[in-house]
Amino acid sequence: MSEHDGAPETCDLLILHGQVLTLDERRRILNDGAVAVTGTRIVAVGPSAELAQRFQAKRSLDARGGLVHPGYIDGHTHASLHLSRGAITDNPRPKGGKLGPGAYDRWINALDDEAEYDSALMAAVEMVKNGFTAFVEAATAFEPDAVAAACEAVGLRCTLGDPFLWNLVGGEPSAGNVRRAPAHTKRCEALLGQQLKRNGNADALIRGHVALYGLGSATPELLQAAKALADEKGAVFHQHQNFMAGDAAYDRERFGKDPLVHMAEAGLLGPNVCFTHMNVLSDAEVDAVAGSGMSLVWQPGNYMFYAIGKQAPLRMPELFERGTPIAFGADVAKTWTYGELGYIAYLLTRSEGGFLPSESLVEMFTRCGAVAFGLPDDLGVLEAGRLADIVIRDPALADHQPNVDPLRQLALVDRTKGVDTVLVNGEIVVRGGHLTRLDESLVYARARASARRMAERAEVAIESAWPMEGVPAA
């Protein structure tokens, strides 16, 4: 009630009768909980009976006992490569003999603005329907505006980086193969930080971050320039790092010591730094990372896909236990979809003799994802003052039963299933499992046509283990 006249407060939306995973400091789970939203922000979280009495809502939603949780955040997605899934084979001995990085280089060189929009649109749709409300674009979109337009069409939150910033053909061979992004210092100087122009409004769907490609493709001077700019502008500095033994060895040789040890000593690490992959780390590098306050983006699927366990031991569970924020990033959608990486990480860790509990996986998708995104005080938690990025799950699913432990249920069983309603910035962008802004059938038809066109342009022969006859229906 208002302290002035006892009248109910008004709010735009009141979500009632949910099992609310707040992810607040105490990590409270509210049975029969409620969330009140006004504009783009949450104004209250508490028991349904209390908030129903306190607020007069313009619209109410009954969660029917379903899970209500902060929107998931993907820490690293190559949105313009999303439609390569299935076209670029996962067979290590393909019939055409064109698997591997070369296939991705050809796909990247075949991209045009339309293909980037189509791919980002499909990625955004897949994310939001799977309970994601935001993602970090991996700074490989030639036209960031195309990705921004796709995200705005869906209603998804995104932070963008400048495309393919590298000035050294060293640990990453692709730096010498991408025609529209030559490895030149002047090009990097001209583009570095251009996407930061988007950061004037904290509520805006589209933001920007500082990004280099990484993997030994930047000179020390460019690395210093990127970190200094991120510091000056209050932005996150992202890059790929220590993906495989080869690129880590390249950096070790040029720096004369373990790459992350050198970077820590050179002032290149810190709380506003977020590196992706980090699969190959020495003991000294683990100490350097844990002591720096930086965050990481983990792709456990890639760790398994490329058999990196044969090159280096798994270090992510240890780093997480030591306080390093670790988010999940789908990277390129090879054989997985958004929301499955927690399950992969759980099984991978168990197979290595370790254990990541369900609550850690949920934190990686939410609170840690907010750190990677650059809005840790606005995203990843359901509490008053935060941005209203909220997911409501359908409780009426066989897979959701018996829901004795909602954290284990969500992280390991439900995963991508049961997403009924999604709010981004207080707007309902998914309701009843379907988009509210777009016709999904048109998006899917556009994606199929674009993937076939891109496969032809990239000279990627689509394989099928069994004979395929006829022309696909439109």
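In what follows, the accompanying structure is described.

The rules behind the values
- Starting afresh in each chain, residues are numbered from 1 along the sequence in its written order.
- Residues qualify for local features only when their pLDDT is at least 70, as the model is predicted, and side-chain atom pairs are given and counted only at 80 or more; totals for whole chains, interfaces and linings, by contrast, use all residues.
- To get the side-chain values, take all heavy atoms of the structure and skip hydrogens and water.
- Helix and strand assignments follow DSSP, with helices taken as H or I runs no shorter than four residues and strands as E runs no shorter than two, numbered in order from the N terminus.
- Classification of residues uses two cut-offs on accessible area relative to the type maximum, computed with a 1.4 Å probe and protein chains only: under 20% is buried, over 50% is exposed, and between them is partly exposed.
- A residue counts as positive if it is Lys or Arg and as negative if it is Asp or Glu; His and the chain ends are not included.
- For the purpose of locating charges, the reference atoms are NZ of Lys, CZ of Arg, CG of Asp and CD of Glu.
- Each nonpolar core is a collection of buried residues, namely Ala, Val, Leu, Ile, Met, Phe, Trp, Tyr and Cys, held together in the definition by side-chain atoms within 4.5 Å.
- Contact between two residues is taken to exist if any of their heavy atoms lie within 4.5 Å; hydrogens are not considered.
- Definition used for salt bridges: Asp or Glu carboxyl oxygen within 4 Å of a side-chain nitrogen of Lys or Arg.
- Any pair of N or O atoms that falls within 3.5 Å is considered a polar contact. Within protein, one atom must be able to donate a hydrogen and the other to accept it, and sequence-neighbouring residues count only if both atoms are side-chain atoms.
- Lining residues are those with an atom within 4 Å of a point, where the points come from a 1 Å grid over the protein atoms alone and group into cavities, where a 1.4 Å probe fits but cannot get out, or pockets, open sets with protein on both sides within 12 Å along at least five of seven lines.
- Grid points are joined across faces, edges and corners, and a volume is the space filled by probe spheres set on the points.
- Only when DSSP finds a minimum of two bridges between them are two strands counted as paired.
- To obtain each axis, a line is fitted to C-alpha atoms, and for helices this fit is confined to the stretch in contact; angles are then taken between N-to-C directions over 0 to 180 degrees.
- By convention the crossing between two helices is left-handed if the near helix lies anticlockwise of the far one by an angle smaller than a right angle, and right-handed if it lies clockwise.
- Throughout, the ten residues Ala, Val, Leu, Ile, Met, Phe, Trp, Tyr, Cys and Pro are labelled nonpolar, Asp, Glu, Lys and Arg are labelled charged, and all others, Gly among them, are labelled polar.
- Ring pairs are drawn from Phe, Tyr and Trp, using the six-membered ring of Trp, whenever the two centres fall within 6.5 Å, and their geometry is named by plane angle: stacked under 30 degrees, edge-to-face over 60, tilted for the rest.

### Some details on the overall build of the protein chain
And step 1. For the protein chain, the helix and strand inventory stands at 16 helices and 18 strands.
And step 2. Its C-alpha atoms give the protein chain principal-axis dimensions of about 70 × 60 × 45 Å.
And step 3. Out of the 474 residues in the protein chain, the part that is buried amounts to 59%.
And step 4. The averaged location of the 60 negative side-chain charges in the protein chain is 3 Å from the averaged location of its 45 positive side-chain charges.

### Describing the nonpolar core
And step 1. Counting 123 residues, the largest nonpolar core has W107 and W298 as its most contacted members.
And step 2. Here this core gets nine residues from one element, more than from any other, and that element is helix α3 (residues 113-129).
And step 3. Not counting chain neighbours up to four residues away, the residues in contact with W298 comprise L314, M316, I326, A327, F328, G329, L341, A345, L348, T349, L356 and M364.
And step 4. Listed in part, the 17 residues of the second largest apolar core include L30, I42, V45 and V68.

### Topic: the side chain of E137
And step 1. Within the element layout of this structure, E137 appears in strand β7 (residues 132-137).
And step 2. The buried charged residue E137 lacks any salt bridge partner; its closest oppositely charged side chain belongs to R198, at an N-O distance of 8.9 Å.
And step 3. Among the polar contacts listed, one links the side chain of E137 to the backbone nitrogen of A139, at a separation of 3.0 Å.
And step 4. Excluding its chain neighbours within four sequence positions, the residues that come into contact with E137 are T77, V147, C158, T159, L160, G161 and H209.

### A few points about unusual backbone geometry
And step 1. Look at the link from Q401 to P402: it is a cis peptide, with omega at 0°.
And step 2. Positive phi values are uncommon outside glycine, yet D331 reaches one of about 65°.

### Quick word on the layout of surface pockets
And step 1. Approximately 450 Å³ is the volume found for the second largest pocket.
And step 2. Lining the second largest pocket are 18 residues, with R85, R448, A451, R452 and I462 positioned closest to its centre.
And step 3. Taken together, the elements giving at least two residues each to the lining of the second largest pocket come down to α3 and α16 (440-457).
And step 4. Per-element accounting of the lining of the second largest pocket gives the leading share, five residues, to α16.

### Things to note about the pattern of salt bridges
And step 1. Taken as a whole, this structure holds 30 salt bridges when the rule is applied.
And step 2. Two residues, R453 and D112, come together in a salt bridge whose shortest N-O distance is 3.0 Å. Highlighted residues: R453 in helix α16 and D112 in the loop between α2 (101-110) and α3, separated in sequence by 341 residues.
And step 3. Residue classification places R453 among the partly exposed residues on the basis of a relative accessible area of 27%.
And step 4. Owing to a relative accessible area of 21%, D112 belongs among the partly exposed residues under this scheme.
And step 5. Between D420 and R431 there is a salt bridge whose closest N-O contact spans 3.1 Å. Highlighted residues: D420 in strand β16 (residues 419-424) and R431 in strand β17 (residues 427-431), separated in sequence by 11 residues.
And step 6. Look at R431 and you get partly exposed, because its relative accessible area is 33%.

### Here we look at the sheet that holds strand β8 (residues 157-160)
And step 1. Sheet architecture is open: four strands sit in the order β6-β7-β8-β9, paired in parallel fashion. The two strands at the open ends of the sheet, each matched to only one other strand, are β6 (72-77) and β9 (206-208). Taken over all neighbouring pairs, the strand axes of this sheet differ in orientation by 20° on average, direction set aside.

### Some details on the packing of helix α13 (residues 358-365) against helix α15 (residues 406-414)
And step 1. Their axes nearest at 8 Å, the elements α13 and α15 cross at an angle of 65°. Classified by chirality, the crossing of α15 by α13 is left-handed. From α13, S358, E359, L361 and V362 reach across to α15, where they touch L407, R408, L410, A411 and L412.
And step 2. Looking at the contact of α13 with α15, its residues break down into six nonpolar, one polar and two charged.

### With respect to the packing of aromatic side chains
And step 1. Within the structure shown, the criterion is met by 15 aromatic pairs.
And step 2. Relative to Y338, the ring of F132 has its centre 5.9 Å away and its plane inclined at 65°; by these criteria the two rings are edge-to-face. Taken together, the residues F132 in strand β7 and Y338 in the loop between β14 (326-328) and α12 (341-351) connect sequence positions 206 residues apart.
And step 3. When its relative accessible area of 1% is taken as the criterion, F132 is described as buried.
And step 4. A relative accessible area of 3% means that Y338 is categorised as buried.
And step 5. Here the aromatic rings of F305 and W336 are separated by 6.3 Å at their centres, their planes lie at 80°, and the arrangement is edge-to-face. With F305 in helix α10 (residues 300-305) and W336 in the loop between β14 and α12, the pair connects residues that are 31 residues apart, well separated along the chain.

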